[in-house]
Amino acid sequence: MSAMPDRIRQAAQRAQADLADETTPLLRNAWYVAALAPEVSRQPLARRLVDIPVVLYRREDGRAVALEDRCAHRSFPLSRGQVVGDNLVCGYHGACYGADGRCTRVPSQAQVPPGAVVRSFPLIETGALLWIWPGDPALADPALLPAQPWMSDAGWASSTERLHLRASHVRLHENLLDLTHLSFLHANSFGTPDYASAPFETVLDEAAGRFSLHRTVSPTRLPPLWAVPTGLGGVDAARVVSSSFLSPALHVVAVKFYACALPEDAQPARAIRTAHLVTPESATRTHYFIQHARNFALDDAEITRFMHQQLLQAFQEDVDGLEAIETLLAGYPARQPEISFHADKASLAMRRWLKRQAEAEALSRAG
Amino acid sequence: MSAMPDRIRQAAQRAQADLADETTPLLRNAWYVAALAPEVSRQPLARRLVDIPVVLYRREDGRAVALEDRCAHRSFPLSRGQVVGDNLVCGYHGACYGADGRCTRVPSQAQVPPGAVVRSFPLIETGALLWIWPGDPALADPALLPAQPWMSDAGWASSTERLHLRASHVRLHENLLDLTHLSFLHANSFGTPDYASAPFETVLDEAAGRFSLHRTVSPTRLPPLWAVPTGLGGVDAARVVSSSFLSPALHVVAVKFYACALPEDAQPARAIRTAHLVTPESATRTHYFIQHARNFALDDAEITRFMHQQLLQAFQEDVDGLEAIETLLAGYPARQPEISFHADKASLAMRRWLKRQAEAEALSRAG
Amino acid sequence: MSAMPDRIRQAAQRAQADLADETTPLLRNAWYVAALAPEVSRQPLARRLVDIPVVLYRREDGRAVALEDRCAHRSFPLSRGQVVGDNLVCGYHGACYGADGRCTRVPSQAQVPPGAVVRSFPLIETGALLWIWPGDPALADPALLPAQPWMSDAGWASSTERLHLRASHVRLHENLLDLTHLSFLHANSFGTPDYASAPFETVLDEAAGRFSLHRTVSPTRLPPLWAVPTGLGGVDAARVVSSSFLSPALHVVAVKFYACALPEDAQPARAIRTAHLVTPESATRTHYFIQHARNFALDDAEITRFMHQQLLQAFQEDVDGLEAIETLLAGYPARQPEISFHADKASLAMRRWLKRQAEAEALSRAG
Ligand code: FES
Ligand code: FES
Ligand code: FES
């Protein structure tokens, strides 16, 4: 009753077995964005990150703290408690925890019992973002932070946003690494019909776990999202895009625009960059943070507002589409394996890499 | 702690093991109603049928198409795409599928990869209904279509409706084959107290998979639903009912009415027929289509409206009751087996037949 | 990656294995409150009790009946039927059940089939409460009823309430046996800061399954809830509390108040008592009935209203907090074991006892 020939199905099944998907264990030894910096305050913030309930708050000097959001005593969510000084006091029986997760006081007794401690997570704040290391703290090397210099550079005007995706982070990474979908999923926002068939090249650095693709669409007409701020509406323009998976937590899309009528170097630099900051909430839920920046018209608040609003509308199309896939698959276990296209080359390499990383991490935990 | 003697419980459990219920695999090699004909248009329609996500649309010449609602590439629901000519274009990366389910174009590459195909389902349109064969297409014999001639006969005035039932289709079939419930579940709509105890006979054709019961309630008083259109209110009348399971997809209830004061053949024929069109959505969810017809007052739109509205109210009582059972059972695994009544004779035969059919189909898939 | 040293974690895990929690089978051989007496009428009432669907109604002479809420025929909820005389008539095909659960009539046939019987549960009505024995009826000894004399004594003015808790009854019992939480969870209602650190003693009667703790907070200032009705606002007062687990279904909190300026016996008796009536709905859902009483100002309806409203607000804080724990734990299987405090002494003994009782009951069912 299958539509697919057996031989092809078996080959496709074998290929798929090597790819990360919603059943692959989540990578914990990595820096992920926990929150936009302004979200964290003296009021505790509850957030599930990489399947761990986490509570975030700030000390009196402003430094952020991330603790496991479960009191060691009777599992009350610490996020329902109160920040007192640099500590977090449980709202059930008043156990008091320091920023290192150690319980320092139990109101009903003189001594703190051994074992009264919750996990405390390494955090780094850079620019508008707060990064967390949900895995083994001994491995939390700041040098591994995937944040890019432009993300906190005054030469780039940027805005941020937080979205939520009821789908696997793997599907979001795949979406970001295959931009042929712009012509279809985003036909009404920033896609153009010539996008899907434009030539592209991929750069796959398996050792570093970096996967990118580069695409030049030229000559093309820019959609309003880009035509309005760049002033390149109604003329033949070039749209030079690179899309890079830099870590399980960060994908950067960088785009340059120029008019075809003049040599590129005779024109002002008009570049935009979007950091897609991907943090698994659970296997099938994803926190999706955005930092969008441009290197021109830095002080034009109206351009910031326009691009932010237009981009968010497009990213919501991704969210809606990926959620539709996740819902479909959850209710359809008897499906065929996926058939891939040439344009999936980078995303297949990325998914194989994610799967191997997850297996290596599982092994190292067991060892 | 059981209320039921052990010996009786064990016998009841053995009997129940032979009966189809919500744990029995769904029959796929059968014609089922996929949709009312006017539901399907140039706009794709998503519908889960027999646990398969299906998308329905019409070709330029009006012929309907049913495809598996999952793109072979990255599982995007094809129902979120666009109909272009006779084809369906995936809304994610633009793969284009013909009415036969074969992918004919991938915009980002010159060739279509092998295996890029989705299932295409046999369809037959008759009168107001669109029938689908969700099983092996090689077995989709049009001669097996359970549609009855009167369902598309101009001598019968009919109206259609689509209901949805959050309960197993087996429970709905059982409800339709045991009309003693009219006196209780429908006490406020089309049931009368004398209905439950009226004599009946059953005709069980196990070979053909057809099970009916025939009941004459006479003399009786007709409820408004039947008294108003037939003009037989306030007098002794006969109500002659046959109720027939004709296939897993179709149950027909046929009723004749006449006044007891005169010989039957001295009176106008006043008959109504209701096709209960039963399509499992999943093991515990059912699409419930209705076609209701009469052979008198064919052009009286007010009678059509009155009977449609009254009947729907009664069928909603069935839906509510069956959903209450499904909910109860889902939360009560430690229950006793069912105890059957004489009136269940036809429905027990039907459930044994459904179970044997499902086992045979499972065997033929494995073989 | 754990915050807790291995040795401590292993010891804590061993200790926790002996404690009842949401995975422990529910005790059925016990009297539980099924309903507040006025809830039960000639209109059938559906309620899930100890994982059994139950229907409650009253006979013509007012005596309450509790039957399994599932017709022996096709599992229709009997609570959707009608009370006729002393019987309950199924709303699907009209099977008629007596108060003893035996089916006495099937409308469509002359004889009632053997096995057509549903469970009937022993009930006792005392004061405002209706108690049910969901286990083996042969063991339903009225002498085991945990109701206390004051609960139906005219010398105590009382009010009742029904709450619902989406959490395990074990967590509610634990909450009631560890009142150090008043200073934190109830900081805004009836807790005061000195409560958590006040000295207490516990009385553990493992043989009888009774566990209490006694605490005197003195001198203290009473919160408005107690200060207003007792007239002891703004002065040093004593608050003498005992909190007792008397059965899996009943916990009584008894409090006395007096001014510190005078000897206790020179002052009017001002006592309040609250029966916390705990009935598992399922492993993680709990019916939570309250009877609150005082032995002073018996006829002052305004005091009744004031205390009822204030107490309910406080109990809602417990409900919210316990539900937050249940939700957290359901989504966090990879957690550390609980670390206990000295104040948990009585609740640990109670949880060990509940676990042993459940194991004994499981054994006796199997034997
Ligand atoms: S649960 Fe946090 S102190 Fe008890
Ligand atoms: S998912 Fe349909 S073309 Fe990619
Ligand atoms: S289900 Fe109760 S009489 Fe049939």
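Within an unreviewed UniProt entry, the label attached to chain A reads Oxidoreductase subunit alpha, and the organism entered is Pseudaquabacterium pictum.

(A) Spotlight on the overall build of chain A. In terms of helices and strands, chain A carries five helices and 17 strands. Expected size for 367 residues packed as a compact globule is a radius of gyration near 21 Å; at 23 Å, chain A falls within 12% of this value. Looking at chain A residue by residue over its 367 residues, the buried ones come to 60%. Excluding contacts between residues fewer than 6 apart, the proportion of contacts in chain A whose partners are at least 24 apart in sequence is 60%.

(B) The interface of chain B and chain A, seen in detail. With 37 residues of chain B in contact, the opposing surface of chain A contributes 34 residues. Buried surface at the junction of chain B and chain A, summed over both partners, amounts to about 3,000 Å²; 63% is from carbon and sulfur atoms. Sorting the residues of chain B by area buried against chain A places Arg70, Arg74 and Tyr92 of chain B first, and these three jointly supply 24% of that buried surface. Here chain B is connected to chain A by three salt bridges. Of the charged contacts, one joins Arg74 of chain B and Glu338 of chain A as a salt bridge, the two residues approaching to 3.2 Å between their closest N and O atoms. For the side of chain B that touches chain A, the class distribution of residues is 18 nonpolar, nine polar and ten charged.

(C) Expanded view of the relation of the copies chain B and chain A. For these two chains of identical sequence, chain B goes onto chain A by a turn of 120° and a shift of 0.0 Å along the axis, with RMSD 0.0 Å. Each copy turns onto its partner about a three-fold axis. When C-alpha positions in chain B are compared against the rotation axis, the closest is assigned to Ala330 of chain B, at 12 Å.

(D) The sheet that holds strand S5 (residues 82-84) of chain B, seen in detail. Residue and element names in this part refer to chain B. One open sheet accounts for four strands, arranged S5-S6-S7-S8; its pairing is antiparallel. For this open sheet the edge positions go to S5 and strand S8 (103-105), each flanked by a neighbour on one side alone. With two bridges joining them, strand S7 (residues 96-97) and S8 adopt antiparallel strand pairing. In the strand pairing of S8, Tyr97 is matched with Cys103.

(E) The environment of Cys103 of chain C, seen in detail. Residues and elements named next belong to chain C. Along the chain, the position of Cys103 falls in strand S8 (residues 103-105). Cys103 sits 114 residues away from Val217 along the chain, and the two C-alpha atoms are 58 Å apart. Ignoring sequence-local partners within four residues, the contact set of Cys103 consists of Ala95, Cys96, Tyr97, Val112, Ala116 and Val117.

(F) How the structure looks around the nonpolar core. One finds Leu67, Leu78 and Tyr97 of chain A together with Phe190, Trp226 and Tyr288 of chain C to be the most contacted residues of the largest nonpolar core, which totals 64 residues. Apart from the residues lying within four places of it in its own chain, the contact partners of Phe190 of chain C are Leu182, Pro223, Leu225, Trp226, Arg239, Leu311, Ala314 and Phe315 of chain C.

(G) Region of interest: the environment of Ala167 of chain A. All names here are of chain A. Relative to the assigned elements, Ala167 resides in the loop between strand S11 (157-165) and helix H2 (169-177). For Ala167, a relative accessible area of 0% gives the class buried. Taking the C-alpha atoms as reference points, Ala167 and Val203, 36 residues apart in sequence, are found 27 Å from one another. Those residues in contact with Ala167 that sit more than four places away from it in its chain are Thr284, Arg285, Thr286, Leu322, Glu323 and Glu326.

(H) How the structure looks around helix H1 (residues 6-16) of chain A. Residue and element names in this part refer to chain A. Within the sequence span of H1, burial applies to Ile8, Arg9, Ala12 and Gln16. Projected onto a plane normal to the axis of H1, the buried residues spread over an arc of 100° and lie on a single side. Exposed residues on H1 whose side chains face more than 90 degrees from its buried face are Arg7 and Arg14.

(I) Molecular detail of the sheet that holds strand S5 (residues 82-84) of chain C. Residues and elements named next belong to chain C. Strand order in the open sheet formed by four strands is S5-S6-S7-S8, and the pairing between neighbours is antiparallel. Either end of the sheet is taken by a strand with one partner, and the two such strands are S5 and S8. The pairing of S5 with strand S6 (residues 87-89) spans three bridges and is antiparallel. Bridge pairing in S6 places Val84 opposite Asn87.

(J) How the structure looks around the interface of chain C and chain B. Taken together, the contact pairs 37 residues of chain C with 34 residues of chain B. Buried surface at the junction of chain C and chain B, both sides included, amounts to about 3,000 Å², of which 64% is carbon and sulfur. When the buried surface of chain C facing chain B is broken down by residue, Arg70, Arg74 and Tyr92 of chain C rank first, second and third, together holding 24% of it. Two residues, Asp344 of chain B and Arg74 of chain C, come together in a salt bridge whose shortest N-O distance is 3.7 Å. Summed over the shared surface of chain C and chain B, the result is twelve residue pairs in polar contact (both at pLDDT 80 or more). Class assignment for the residues of the side of chain C that touches chain B results in 18 nonpolar, nine polar and ten charged.

Analysis parameters
Residues numbered from 1 in each chain as written. Chains lettered and ligands numbered in written order. Predicted model: local features only at pLDDT ≥ 70, side-chain atom pairs only at ≥ 80, totals over all residues. Heavy atoms only, no water. Helix = DSSP H or I, 4+ residues; strand = E, 2+ residues; numbered from the N terminus. Rg over C-alpha atoms; globule rule 2.2 N^0.38 Å. Buried < 20%, exposed > 50% of the residue type's maximum accessible area, 1.4 Å probe, protein only. Contact = heavy atoms within 4.5 Å. Buried area = accessible area lost by both parts, 1.4 Å probe. Salt bridge = Lys/Arg side-chain N within 4 Å of Asp/Glu carboxyl O. Nonpolar A, V, L, I, M, F, W, Y, C, P; charged D, E, K, R; others polar. Least-squares fit on C-alpha atoms with pLDDT ≥ 70 in both. Pairing = 2+ DSSP bridges. Core = buried A, V, L, I, M, F, W, Y, C linked by side-chain atoms within 4.5 Å. Arc of directions from axis to C-beta. Polar contact = N/O pair within 3.5 Å; in protein donor to acceptor, adjacent residues only side chain to side chain.

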